[in-house]
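Listed here are the chains, written in short residue letters.
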Amino acid sequence: MKIAGIVSNSLQDGDGVRAVIFTQGCSLHCPGCHNKHTWDFNDGCEMTDEEIISFVQKNNITKKVTISGGNPLEQGDKLLSLLKKLKALDYNIWVYSGFKFDYIKKVYPKHLKYIDVIVDGPFIESMRDKTLKYMGSYNQRILYLDEGVPYRIITHMNDYIW
């Protein structure tokens, strides 16, 4: 899997203290993106699932992981493999994607059952809001999943629970 970097014990990219795995590669190129260095699919370093998991286990104080980017879902089956292994180790997993959930459930349905929370939608600079927790612009949503199905959706205005 192509990785741009891994941060240990972050409080910025999801609920609680968590490791953040930044994947390399994003085709969306959102204007104003704060991770432009992750856009090029040819940059970053190749890491195996075992290398990533070993780093996370040695350097993180919780079993919480966020996978961001770049756009992690664009790594397809490589991401799916990592998700399965992390979930088998009982990690809580957040994934950030610039894709909207409707697209994700059509193109990446197998991934969803291993993800606890997904933050969807592209960053839109004109909708940027620094007061949002875990979102960069108010078009984005936080979707809490159970077996790939949303049971709670947080937007910039509301918290919906089913």
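Our subject in this report is the structure included herewith. Treat the numbers as computed from the prediction; the structure is a model and nothing was measured.

1. What to know about the overall build of the protein
Helix and strand content of the protein: 4 helices and 9 strands. The order of α-helices and β-strands along the protein, N terminus first, is β-β-β-α-β-α-β-α-α-β-β-β-β. Relative to the 2.2 N^0.38 estimate, which gives 15 Å for 162 residues, the radius of gyration of the protein is 15 Å and therefore close to what a compact globule would have. Its C-alpha atoms give the protein principal-axis dimensions of roughly 40 × 35 × 30 Å.

2. Considerations on the pairing of strand β1 (residues 2-10)
Where β1 meets strand β3 (residues 45-46), 2 bridges bridge the pair, whose relative direction is antiparallel. Bridging across to β3, Lys 2 finds its partner in Glu 46. Looking at chain direction, β1 and strand β2 (residues 18-23) are connected through 5 bridges and run antiparallel. Bridge pairing in β2 places Val 7 opposite Val 20.

3. Thoughts on the pattern of salt bridges
Enumeration over the complete set of coordinates arrives at 7 salt bridges. In this structure, Asp 49 and Lys 85 form a salt bridge, with 3.0 Å as the shortest nitrogen-oxygen distance. Linking Asp 49 in helix α1 (residues 49-59) with Lys 85 in helix α2 (residues 76-88), this pair joins segments that are 36 residues apart in sequence. We classify Lys 85 as partly exposed; its relative accessible area is 31%.

4. So, the environment of Lys 78
Topologically, Lys 78 is positioned in helix α2. It is 9.1 Å that separates the C-alpha atoms of Lys 78 and Thr 48, two residues lying 30 residues apart in sequence. Residues in contact with Lys 78, not counting those within four places in the same chain, are Met 1, Glu 46 and Asp 49.

5. A word on unusual backbone geometry
A cis amide bond links Gly 69 to the next residue, Gly 70, at an omega of 20°. Turning to its location among the elements, Gly 70 is positioned in the loop between β4 (64-68) and α2. In this structure, Asn 9 takes a positive phi of about 55° despite not being glycine. Among the structural elements, Asn 9 can be located in strand β1.

6. Re the packing of α1 against α2
Axes are the key here: two packed helices are described by the angle between their axes and the distance separating the axes. Two elements in contact, α1 and α2, have axes separated by 10 Å at closest approach and are oriented at 45°. Relative to α2, the element α1 lies oblique. Handedness of the crossing formed by α1 with α2: right-handed. Facing α1, whose interface residues are Asp 49, Glu 50, Ile 52 and Ile 53, α2 presents Lys 78, Ser 81, Leu 82, Lys 85 and Leu 86. Taken together, the residues of the contact of α1 with α2 sort by class into 4 nonpolar, 1 polar and 4 charged.

7. With respect to the packing of aromatic side chains
Per the counting criterion, the structure on display carries 6 aromatic pairs. Judged by centre distance (6.5 Å) and plane angle (70°), the ring pair of Tyr 103 and Tyr 108 falls under edge-to-face. In this structure Tyr 103 comes out as partly exposed when scored by relative accessible area, which is 41%. Each residue in the set Trp 94, Tyr 134, Tyr 144 and Tyr 151 is aromatic and connected to the rest through ring pairs, giving one cluster. The ring of Tyr 144 is capped by Arg 152, whose NZ or CZ atom sits 5.0 Å from the centre of that ring.

Calculation criteria
- Residues numbered from 1 in each chain as written.
- Predicted model: local features only at pLDDT ≥ 70, side-chain atom pairs only at ≥ 80, totals over all residues.
- Heavy atoms only, no water.
- Helix = DSSP H or I, 4+ residues; strand = E, 2+ residues; numbered from the N terminus.
- Rg over C-alpha atoms; globule rule 2.2 N^0.38 Å.
- Pairing = 2+ DSSP bridges.
- Salt bridge = Lys/Arg side-chain N within 4 Å of Asp/Glu carboxyl O.
- Buried < 20%, exposed > 50% of the residue type's maximum accessible area, 1.4 Å probe, protein only.
- Contact = heavy atoms within 4.5 Å.
- Axes fitted to C-alpha atoms, helices over the stretch in contact; angles between N-to-C directions.
- Parallel < 35°, antiparallel > 145°, perpendicular 65-115°, else oblique.
- Left-handed = near helix turned anticlockwise from the far one by under 90°.
- Nonpolar A, V, L, I, M, F, W, Y, C, P; charged D, E, K, R; others polar.
- Phe/Tyr/Trp six-rings, centres within 6.5 Å; stacked < 30°, edge-to-face > 60°.
- Lys NZ or Arg CZ within 6 Å of the ring centre and 35° of its normal.

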